[in-house]
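Tertiary structure, described
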Amino acid sequence: MENTASWKRRVVVTGIGLVTPIGNTREENWLGLMEGRSGAGPITHFDATGFDVRFAAEVKHFDPAVFFEAKDIKRTAPYIQYAVAAATEAVADSGIDFTKEDGERCGVYVSSGIGGFGVIEREHRKYLKDGPRHISPYFMISFLVNMASGHISHRWGLKGPNSATATACAASVHAIGDAFRLIQEGDADVMVSGGAEGAITPMGVGGFAAARAMSTRNDDPLHASRPFEAGRDGFLLGEGSGVMVLEEYERAVARGAKIYAELVGYGMSGDAHHITAPAPNGDGVYRMIRTTLADAGIRPDQVDYINAHGTSTPYNDKFETIAIKRAFEDHAYKLAVSSTKSMTGHTLGAAGGIEACFSALAVERQTMPPTINYETPDPECDLDYVPNTPRQAKIEYALSNASGFGGTNGGLIFKRYASN
């Protein structure tokens with residue numbers, strides 16, 4: 001397959017930051033993946049008595065005061081706080097001192113599927129109880145989807161591209177992919193990019209439960225998320241943020257940066273089938289994978305590992321498996337596929353960012369995270385899902401998949417970096 005993008009600038013990952021239900025730092029998260037630890041538990045963010053689903057994968061022991069002054073904590077939704085925390089780690093990890101950089105060549109692209117859902121609920125309660133004059137003057141800037149990017153841009157003086165997508169559960173894959181292209185095409189040299197979500201709220205849980213999208217294993221939350229497994233009954237709602245620093249290759253090498261992986265491919269597609277259900281033949285995801293491979297200029301048989309969308313819903317996992325088999329043909333049975341949502345839960349708009357970080361770490365450390373809670377194989381999901389235990393293996397190329405309501409799909413391909 002010809003690499004039609006060979007003239008474009010190369011892009012590498014030089015910083016990673018993570019806040020998820022299994023850890024509040026990059027290394028805590030990696031340890032959680034290697035231990036196969038579930039982030040699930042009873043909901044503590046609100047009183048879930050009377051709800052059909054009373055558990056979720058919450059971020060734990062997170063202190064926003066580490067990252068914000070007291071007045072700003074009240075003016076920012078949790079998703080913004082998670083994003084700033086993850087960005088703080090990613091920027092420090094990259095070793096870039098943005099005070100010494102040309103701010104106009106540095107940008108931010110951090111997305112969310114829902115934004116500050118809890119803030120909307122809180123202010124609506126105040127409106128109903130006390131009237132419109134009691135709505136906070138900071139209401140609008142507390143919940144908007146682009147506010148995480150805004151805070152990060154302001155904090156580090158990033159004056160280049162500043163954007164956010166709101167493409168549901170594919171939002172942060174699209175953010176990273178768009179940031180990748182901005183660097184490729186010379187519009188920026190550094191991009192802080194990823195996604196964040198904080199939608200474990202009464203309306204968030206109640207809404208997904210009403211749609212019968214979530215697992216109802218209230219008596220066994222730790223084993224509720226079981227992607228590709230025969231007993232799966234819905235997703236586990238999660239929250240958090242995954243942010244990476246993307247950098248133009250030559251400048252990263254020149255400054256001696258640590259490079260986790262090279263980002264070499266990005267693809268998108270639309271199902272044009274149904275607002276919530278994936279196409280039964282996996283058509284949208286299939287076309288997205290083929291587009292992502294073409295953008296990377298690699299053959300299907302060069303991919304060693306896929307971090308799947310793998311939500312633990314009956315339809316998604318079945319149709320994603322079909323799409324993988326269509327895209328990779330015989331090679332589908334030779335590569336490995338795992339879903340880290342088995343541990344973090346489905347973090348909605350943050351999922352693509354978190355899983356892109358996991359994919360870059362997997363490539364750097366040559367280790368495939370497992371799919372936990374895998375007990376009974378599903379005959380319709382018959383690939384190698386790295387069941388229950390991480391696996392050391394050669395990973396030259398890793399694909400990270402994402403899909404969202406509205407029939408939107410996105411994929412990223414990371415390549416192992418070896419210095420010359």
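Residues numbered from 1 in each chain as written. Predicted model: local features only at pLDDT ≥ 70, side-chain atom pairs only at ≥ 80, totals over all residues. Heavy atoms only, no water.

With respect to the secondary-structure elements, Ser-153 resides in helix α6 (residues 147-156). A polar contact is formed between the side chain of Ser-153 and the backbone oxygen of Leu-158, at a distance of 2.7 Å. Excluding anything up to four places from it in sequence, Ser-153 contacts Val-108, Leu-158 and Asn-162. (Helix = DSSP H or I, 4+ residues; strand = E, 2+ residues; numbered from the N terminus. Polar contact = N/O pair within 3.5 Å; in protein donor to acceptor, adjacent residues only side chain to side chain. Contact = heavy atoms within 4.5 Å.)

Attention shifts here to the packing of helix α1 (residues 26-35) against helix α13 (residues 351-365). For the pair α1 and α13, interaxial distance at closest approach is 11 Å and the crossing angle is 75 degrees. By the angle class used here, α1 and α13 are roughly perpendicular. Listed contacts from α13 to Arg-26, Glu-27, Asn-29, Trp-30 and Leu-33 of α1 are Phe-358, Leu-361, Ala-362 and Arg-365. (Axes fitted to C-alpha atoms, helices over the stretch in contact; angles between N-to-C directions. Parallel < 35°, antiparallel > 145°, perpendicular 65-115°, else oblique.)

Here the focus is the pairing of strand β14 (residues 408-416). Of all nine residues that make up β14, seven are buried, and the element is covered over most of its length. Of the pairings in the sheet, the one linking strand β13 (residues 397-404) to β14 comprises eight bridges and is antiparallel in character. Residue pairing across strands places Gly-404 opposite Thr-408, the latter belonging to β14. Between β13 and β14, which pair antiparallel one after the other, the connecting turn spans three residues, and Gly-406 there sits at a positive phi close to 95 degrees. (Buried < 20%, exposed > 50% of the residue type's maximum accessible area, 1.4 Å probe, protein only. Pairing = 2+ DSSP bridges.)

Moving on, we come to the packing of aromatic side chains. Enumeration according to the criterion identifies nine aromatic pairs in this entry. An angle of 75 degrees between the planes, with centres 5.1 Å apart, marks the rings of Phe-62 and Tyr-82 as edge-to-face. With a gap of 20 residues between them, Phe-62 in the loop between β3 (55-56) and α2 (70-73) and Tyr-82 in helix α3 (residues 78-94) connect regions that are remote in the sequence. Between Tyr-315 and Phe-319, the aromatic rings sit 5.7 Å apart at their centres with planes inclined by 20 degrees, giving stacked as the arrangement. (Phe/Tyr/Trp six-rings, centres within 6.5 Å; stacked < 30°, edge-to-face > 60°.)

Moving on to the environment of Thr-344. Here Thr-344 lies in helix α12 (residues 341-344). Considered as a pair, Thr-344 and Leu-33 are 311 residues apart in the sequence and their alpha carbons are 9.0 Å apart. With residues up to four places along the chain from it excluded, the contact list for Thr-344 reads Thr-20, Pro-21, Ile-22, Ala-57, Gly-238 and Phe-358.

What follows covers the side chain of Arg-26. When you line up the elements, Arg-26 lands in helix α1. Among the residues examined, Arg-26 registers a relative accessible area of 13% and is labelled buried. At 3.0 Å, the side chain of Arg-26 and the side chain of Glu-27 are in polar contact. Those residues in contact with Arg-26 that lie beyond four places of it in its chain are Ile-16, Leu-18, Glu-89, Asp-93, Tyr-260, Leu-361 and Arg-365.

The phi torsion at His-61 lies on the positive side, around 55 degrees, for a residue other than glycine. Note on placement: His-61 falls in the loop between β3 and α2. Accessibility expressed as a relative area gives 81% for His-61, which makes it exposed. Look at Asn-388: it is not a glycine, yet its phi comes out positive at around 70 degrees. Tracing the backbone shows Asn-388 in the loop between β11 (367-368) and β12 (391-392). Residue Asn-388 is classed as partly exposed on the basis of its relative accessible area of 35%.

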